[in-house]
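Coordinates in review
If you want the building blocks of each chain, they are given just below.
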Amino acid sequence: MGRAAIAVAVAGAAVLAGCSVQAPDGDGKRRSPVHIELPGDTPSPDRTPDDDGGGPGTAPAPPGDDKPSAAAVPPRVLWSRGDTGRDVRELQARLRQVAWLFDGPTGTYDDSTERAVSGFQGKRGLPRTGKTDTVTWQRLLRMTREPGTWDLYLMGGQPADPPDPRCRSGRVLCIDKTSRTLRWMIDGRTVSTMAVRFGSRGTPTREGVFSIYWKSRDHVSTLYDSPMPYAMFFSGGQAVHYSPDFAARGYAGASHGCVNVRDEGAIARLYAQVRTGDRVVVSW
């Protein structure tokens, strides 16, 4: 069938279907109510070859349907293995409050801390990364209280206060009850510093200026039948010595008046340096 015949047939069908003839265009010519494109015709300007059915009269596709959804941004990591500092101490102190950590706080994000964080995360349906991110931290904050100074330094590690003026000359064990530290000082220079623990309210450690009058490497208390290794006596039965209880429980316990040291290596070195007659200053 010729092109003219096709056009006539289609136009007739359009009239039978109720279409009316369009009004004349600006050039005075009447146009068919049906737009017909025959093979070989030039494409209409309102549809380009790139159109996929998106021309006039076609509902537009929902915006963004052809784009992948944006991936969720992971929470920011605050601390992870190897980090150190006061913030890590607080994290560890709070983990102790909810029974996920039993050592420390040490101020170092170690294996134990990583395992504790991972366990805490898994229990609450969070990704078990072992890293403390903002989501994990906020959850822990809601479940715990603000730790105090001795929660943060339960096992020692606290900074020492400035030495008492009486410690600034000679050979002195400078013991500070406020910061719970012992400085070994020679002629005003601090040789070493370590955490110490004192007597309870019922058996307080005496304050004042004393001197070492006896050293006993493997001493055992005759009063309490308890070991007192590296004992350096300065006031009656009160001595500076290593305490395995302090090493195990930290400031959760107390002595019977002695000055306890929890770091066995540190007090072994101190014991080797201190002489009978060296001064001891105990102050607040």
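Scroll up a little and you will see the structure.
About the cut-offs
Residues numbered from 1 in each chain as written. Predicted model: local features only at pLDDT ≥ 70, side-chain atom pairs only at ≥ 80, totals over all residues. Heavy atoms only, no water. Disulfide = S-S within 2.5 Å. Buried < 20%, exposed > 50% of the residue type's maximum accessible area, 1.4 Å probe, protein only. Phe/Tyr/Trp six-rings, centres within 6.5 Å; stacked < 30°, edge-to-face > 60°. Helix = DSSP H or I, 4+ residues; strand = E, 2+ residues; numbered from the N terminus. Lys NZ or Arg CZ within 6 Å of the ring centre and 35° of its normal. Polar contact = N/O pair within 3.5 Å; in protein donor to acceptor, adjacent residues only side chain to side chain. Contact = heavy atoms within 4.5 Å. Arc of directions from axis to C-beta. Pairing = 2+ DSSP bridges. Core = buried A, V, L, I, M, F, W, Y, C linked by side-chain atoms within 4.5 Å.

Our focus in this paragraph is the state of the cysteines. Applying the stated rule across the entire model yields 1 disulfide. Here Cys 167 connects covalently by a disulfide to Cys 174, the sulfurs 2.1 Å from one another. On the sign convention where negative is left-handed, the bridge of Cys 167 and Cys 174, at about 80° about the S-S bond, is right-handed. You'll find Cys 167 and Cys 174 in the same group, each marked buried.

Turning to the packing of aromatic side chains, a few remarks are in order. One pass over the full model with this rule turns up 7 aromatic pairs. Seen from their ring centres, Trp 214 and Phe 233 are 5.0 Å apart, and the 20° between their planes marks the pair as stacked. Within this pair, whereas Trp 214 is found in strand β7 (residues 214-220), its partner Phe 233 is found in strand β8 (residues 227-235), the two being separated by 19 residues in sequence. Aromatic side chains Tyr 230 and Tyr 271 sit 5.7 Å apart centroid to centroid with 70° between the ring planes, which places their arrangement in the edge-to-face category. Taken as a pair, Tyr 230 in strand β8 and Tyr 271 in helix α7 (residues 264-273) lie far apart in primary sequence, 41 residues in all. Take Tyr 230 and Tyr 271: they sit in the same class, and that class is buried. Every member of this aromatic cluster is reached through a ring pair, and the members are Trp 150, Phe 246 and Tyr 251. Positioned above the aromatic ring of Trp 150 is the side chain of Arg 180, whose terminal nitrogen or guanidinium carbon lies 4.0 Å from the ring centre.

Once that is clear, we can look at the side chain of Asp 278. Note on placement: Asp 278 falls in the loop between α7 and β11 (279-283). Among the residues examined, Asp 278 registers a relative accessible area of 7% and is labelled buried. Of the polar contacts made by the side chain of Asp 278, one reaches the side chain of Arg 171; its length is 3.1 Å. A polar atom in the side chain of Asp 278 sits 2.8 Å from the backbone nitrogen of Arg 275. Each residue touching Asp 278, except ones within four places of it in the same chain, is listed here: Arg 171, Trp 184, Phe 210, Ser 211, Ile 212 and Gln 273.

All right, on to α7 then. Working note: α-helix, 3.6 residues per turn, so residues spaced by three or four point in the same direction. Every buried residue belonging to α7 is among Ala 266, Ile 267, Leu 270 and Tyr 271, and all of these are buried. Taken down its axis, α7 places every buried residue within 135° of arc, on the same side. Facing away from the buried surface of α7 by more than 90 degrees, the exposed residues are Arg 269 and Ala 272.

Our focus in this paragraph is the pairing of β8. The buried fraction of β8 amounts to 8 of the 9 residues, a majority that puts the element mostly inside the structure. Two elements, β7 and β8, share 6 bridges in a ladder whose sense is antiparallel. The partner of Asp 218 across the bridge, within β8, is Pro 229. A loop of 6 residues connects β7 with β8, the two strands running antiparallel in sequence, and Asp 225 in this loop sits at a positive phi of about 50°.

So, about unusual backbone geometry. A cis amide bond links Gly 104 with the next residue in sequence, Pro 105, at an omega value of 5°. With respect to the secondary-structure elements, Pro 105 resides in the loop between α2 (86-97) and α3 (111-123). Residues other than glycine seldom take positive phi values, yet Ala 99 does so here, at roughly 60°. On the secondary structure map, Ala 99 appears in the loop between α2 and α3. By relative accessible area, Ala 99 is classed as partly exposed at 45%. The phi dihedral of Asp 187 is positive, around 50°, even though this residue is not glycine. Here Asp 187 is to be found in the loop between β4 (181-186) and β5 (189-197).

Our next topic: the environment of His 219. Structurally, His 219 is set in strand β7. Distance from His 219 to Met 232, taken between C-alpha atoms, is 9.6 Å for residues 13 residues apart in sequence.

This brings us to the nonpolar core. Leu 173, Ile 175 and Val 240 are the most contacted members of the largest nonpolar core, which totals 23 residues. With 4 residues, α7 is the largest single contributor of residues to this core. Leu 173 has contacts with Leu 182, Arg 183, Trp 184, Ile 212, Val 240, Leu 270, Val 274, Arg 279, Val 280 and Val 281, leaving out every residue within four places of it along the chain. Counting residues in hydrophobic clusters, the runner-up holds 12 residues, among them Val 88, Leu 91, Val 117 and Phe 120.

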